[in-house]
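If you want the building blocks of each chain, they are given just below.
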Amino acid sequence: MNSARNGLILCIMVALCSSALSQTMDLRVVPGMPSPDADMARWRVVVLIRSEGETARTITPEVQAEGARVLSIQPQRASVKDQGPAWFFVHMEEAQGPRPPTLTVAVKEVPGCSKTCILPIGIDLSQLAWEAWWAGKDSHLDEVRGLPPSTAEWKPIRLPKMWQELGVTWIRTRLSIPASWRDEKLSLLLKAVDDNDATYLNGKEIGRTNGWDVQRSYVLPTDGIRWGEKNELCIAVYNGNAGGGIVRTPICIVAGELPEAPDLFPPAVLQKEADRAAPGEIGPRLPFRRMAVRDGVLRYEDGKEVALWGVNCYPQSWQQYVTLKWLGVDHRRAVDEDFEDFAQMGIDIIRIHVFDTEISDGKGNLVVNDHLDILDYLIAQCNKRNIYLMLTPIAWWGSPNARPDSFSRNIPKQALSLWPETWPVQANYLRQFLTHKNPHTGRRLVDEPCLVLFEIVNEPTYWHCEQVLAGDPGKTDLNAEVSRRGIEGVRNAWEQFVPSKEWVSPTTFECFRYDTLRRYINTMIETMRQAGAHQPIASSGFFMVSSDIAQAIADSRCDAITLSRHNYPGGLKQITDDKNLLSQLDNAELDARLAAKARIVYEFDAPGTIRRVSMYPAMGRYWRNLGAQVACQFQYDARAAAHVNLDWGIHYLNLWHTPEKMVSFLIGGEVFRRLPRGATFPTPPSDQVFPPGAVSYEKNAALLCAPDCYMQARPTDWRPMALPKDPKKILSVGACPYFEYDGTGVVDLRMENGTAHLRIYPDVERLQDGIKGTVGKPLTKLRDGAHPFRIRLPVWKDAKVERHQDGQWVSVPGTASEFTATPGAYRLVR
């Protein structure tokens, strides 16, 4: 018998409690089956033992079986430490005795710590050859009433597999079912079909289920089985959105009653933020001070909670660096302008994923150049302007300015975490980057007062089992040789993880991916700590689609996770002004395994919007409901280049050139900073009120009504909340309840100590309806229009008006009750 093909993978997770008084084990079994042409059943059992404590412990598994014999246990002993599992691989075969066989696992060093489970009998369908045929994006499951046409062109695939094709994809395999199983109940077990399925055996439908995360169990009709001959199993899989397929094991036929079959890595149990950690007092962001995560909450040194709202910005990198050069703009002057705006707007934090491809070589050595110097200058401005900074040192992405020899251009993104041979190169880069001395501040990066958060890698992705087995890296912007070498490296690491190639299977791939990802995160964190990083370090929750990945992040030493759930409602490839996307921002829950991690939104946007203003405040409410404490929009357009928006075209935000969107964004910030974590509000499809914020899609309105502050993204008569009687800050585009003004730029009015400070921004003329211009065909033009300004606050009507001009204050004709205003800075003096 070919044991590689016929081996059963039986997964067992054993949780070992560190307390001597609490010696319990949690035995988890995922059934997989030998092929039916085997002369006897064989099982390959994976045992995972994890310690709850910090102290290392050497453990020895003791395995006993009835009705089966143990052929080997590898290794004989192992150690567990700091949530790191010990893995054992047990090879067994059927023996004379009762059916079904039983297995008992114990731990020698922990008396009484053992558990018994039943070994299932059946067929592991993931080991068989499959074929697929796509019926087209307009095909639907409710139209399926039989097998596909004989003219269908089938292509070979492996399971489990995820695909991107929408509509119905048919998959089929052929298998023999032993005649000795006639008296057994036979069930087809499918762990997950994304989204829906209709399943046929020899042309007869045996089951149909809707639900991407619903386990299927279909009984095989005995009169429909060709005993001892080839049977055709055919499944119509409907994918309605994004990725679909048969994406998780087990995929098997079970003989007899189904034994208990929990997952090796259990699926998420969702948890409300209010149930995770009760909200506390939100602390002021200044002065700069360190942060730490305690009980899953990001806190300042005094214990008060963090709530920061900001943006991503990239004058030092990617297309914005090139655009500023084309326009003849000095990059450092552009940074100065933008930070002047950030300070005026009250931006709390800047987040940057560093384009390591621009500042590193193939060995991970830091390359000092203009990109790095502009980043250093930006960091100096963060310190000067009292704006916090979050950095993601490894972005991986290419760039018009990428160095071909950089390490990220020679390692596929999916291999960064799963190919341990590449870890020393990444660690070398992290050490040099974090200890780099900034010429503009004289400090090492890790010692900068403004720098309070790290994330290891921007948006990591991971290969699936079938890709690694097939050696198919999928689409990538790297050359074919680099991609091939990367996937071979991951395959080799997987084969080194298991005792021999016979253990290579979908189940052990999940074990390998969990173990290797967790060790990668811990290795990078240890490297950063040794370099002097005291800041909380986050791991990305991007592409956390598999339970083993979520469990690895949960079990790692990262302090926080960066969220990637509904970050970009409406997608990134279209203008969305005509789409009401508020329904995507309902109250939500997160994976309870991540309860010990603080939550950070590294990127989000209302992409594709030009004139709509309802999304940003709703997103601020949504992120607070999920427990996020830092949220950074992607990405702010430099003032010097916003009129063309040549960077990430679908993203478009600037104080001067998109004033209505900008005020909407600033309302979102006030909502985010004022609502407690876990705050829950009704989320109807159009008008949503979540004091002090409110939005309306139908009325295209966004408001903030707080006792000290009123904000209005565009003129509106909508009044869902009481107006503040004596606001100290008013921000509006166009007329509002507190003043009349018909210009199209932002008006910023602040009252303090008997003086009202007024800032009026230029009018914006939109030259085209698109969202991405060119140097010769810009999107917008700023105009210094003159407009009457009439204040409606009685106590300020008689105030005299002065304009800041040539470094001094100059009187303006009229009073605050009416004067002619052009863009600039004013003060009203009573």
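Residue numbers run consecutively from 1 along every chain, following the written order of its sequence. pLDDT decides what is reported in this predicted model: residues at 70 or higher carry local features, side-chain atom pairs at 80 or more are listed and counted, and totals for whole chains, interfaces and linings draw on all residues regardless. Computation of side-chain values: all heavy atoms of the structure, hydrogens and water removed.

**Student:** Looking at this structure, how should I read the packing of helix 9 (residues 480-497) against helix 10 (residues 506-530)?
**Tutor:** Each pair of packed helices gets described by two things: the angle between the helix axes and the distance between those axes. Packing of helix 9 against helix 10 brings their axes to within 10 Å, and their N-to-C directions diverge by 100°. The angle between helix 9 and helix 10 places the two elements in the roughly perpendicular class. Here Val490, Ala493, Trp494 and Phe497 of helix 9 come into contact with helix 10, specifically with Thr508, Phe509, Cys511, Phe512 and Asp515. Gly counts as polar in this scheme, as do all residues outside two lists: the nonpolar Ala, Val, Leu, Ile, Met, Phe, Trp, Tyr, Cys and Pro, and the charged Asp, Glu, Lys and Arg. Split into classes, the residues belonging to the contact of helix 9 with helix 10 amount to seven nonpolar, one polar and one charged. A fitted line through C-alpha atoms represents every axis, and for helices the fit uses only the stretch in contact; the resulting angles, taken between N-to-C directions, go from 0 to 180 degrees. Starting at the N terminus, helices and strands are each numbered in turn, a helix being any DSSP run of H or I of at least four residues and a strand any DSSP run of E of at least two. Working definition: roughly parallel below 35 degrees, roughly antiparallel above 145 degrees, roughly perpendicular at 65 to 115 degrees, and oblique for all remaining angles. Whether two residues touch is decided by their heavy atoms; if any such pair falls within 4.5 Å, the residues are in contact.

**Student:** So what exactly am I meant to see when it comes to the environment of asparagine 365 here?
**Tutor:** Structurally, asparagine 365 is set in the loop between helix 5 (356-359) and helix 6 (370-385). The partly exposed category is assigned to asparagine 365, whose relative accessible area is 26%. When the C-alpha atoms of asparagine 365 and tyrosine 429 are compared, they prove to be 5.5 Å apart, with 64 residues separating the residues in sequence. Apart from the residues lying within four places of it in its own chain, the contact partners of asparagine 365 are Ile359, Ser360, Asn428 and Gln432. Reaching out from asparagine 365, the side chain makes a polar contact with the side chain of asparagine 428 at a distance of 3.1 Å. Each residue is placed in one exposure class: buried if its accessible area under a 1.4 Å probe, protein chains only, is under 20% of its type's maximum, exposed if it is over 50%, and partly exposed if it falls in between. In the analysis that follows, any N or O atom pair within 3.5 Å is treated as a polar contact, provided that within protein one partner can donate a hydrogen and the other can accept it, and provided that, for residues neighboring in sequence, both atoms belong to side chains.

**Student:** When you look at the pattern of salt bridges in this model, what are you seeing that I'm missing?
**Tutor:** When their charged atoms lie close together, side chains carrying opposite charge are able to pair. A pair is scored as a salt bridge if a Lys or Arg side-chain nitrogen falls within 4 Å of a carboxyl oxygen belonging to Asp or Glu. Scanning the entire structure with this criterion turns up 50 salt bridges. One salt bridge connects glutamate 131 with arginine 174, and the closest N-O pair in it is separated by 3.7 Å. Taken as a pair, glutamate 131 in strand 11 (residues 130-134) and arginine 174 in strand 14 (residues 167-176) lie far apart in primary sequence, 43 residues in all. Assessed through its relative accessible area of 25%, glutamate 131 is described here as partly exposed. Owing to a relative accessible area of 42%, arginine 174 belongs among the partly exposed residues under this scheme.

**Student:** Help me out: how do you make sense of the sheet that holds strand 43 (residues 787-791) in this one?
**Tutor:** Sheet strands line up and pair through hydrogen bonds in the backbone, either parallel or antiparallel. Spatially, 38-43-46 is the arrangement adopted by the three strands of the open sheet, whose pairing is antiparallel. Lying at the two open borders of the sheet, with one neighbouring strand each, are strand 38 (739-740) and strand 46 (819-821). Here a strand pair is declared whenever DSSP counts at least two bridges between the two strands. Bridge analysis of strand 43 against strand 46 gives three bridges, and the strand direction is antiparallel. Bridge pairing links proline 788 to threonine 820 in strand 46.

**Student:** I would appreciate a short explanation of the sheet that holds strand 27 (residues 451-455) in the present structure.
**Tutor:** What the eight strands build is a closed barrel, ordered 24-25-26-27-28-29-31-32; its pairing is parallel. The mean inter-strand angle of the sheet, taken between neighbouring strand axes irrespective of direction, is 25°. Summarising the sheet, strand 27 and strand 28 (residues 537-540) pair through two bridges and their orientation is parallel. The partner of glutamate 455 across the bridge, within strand 28, is alanine 538.

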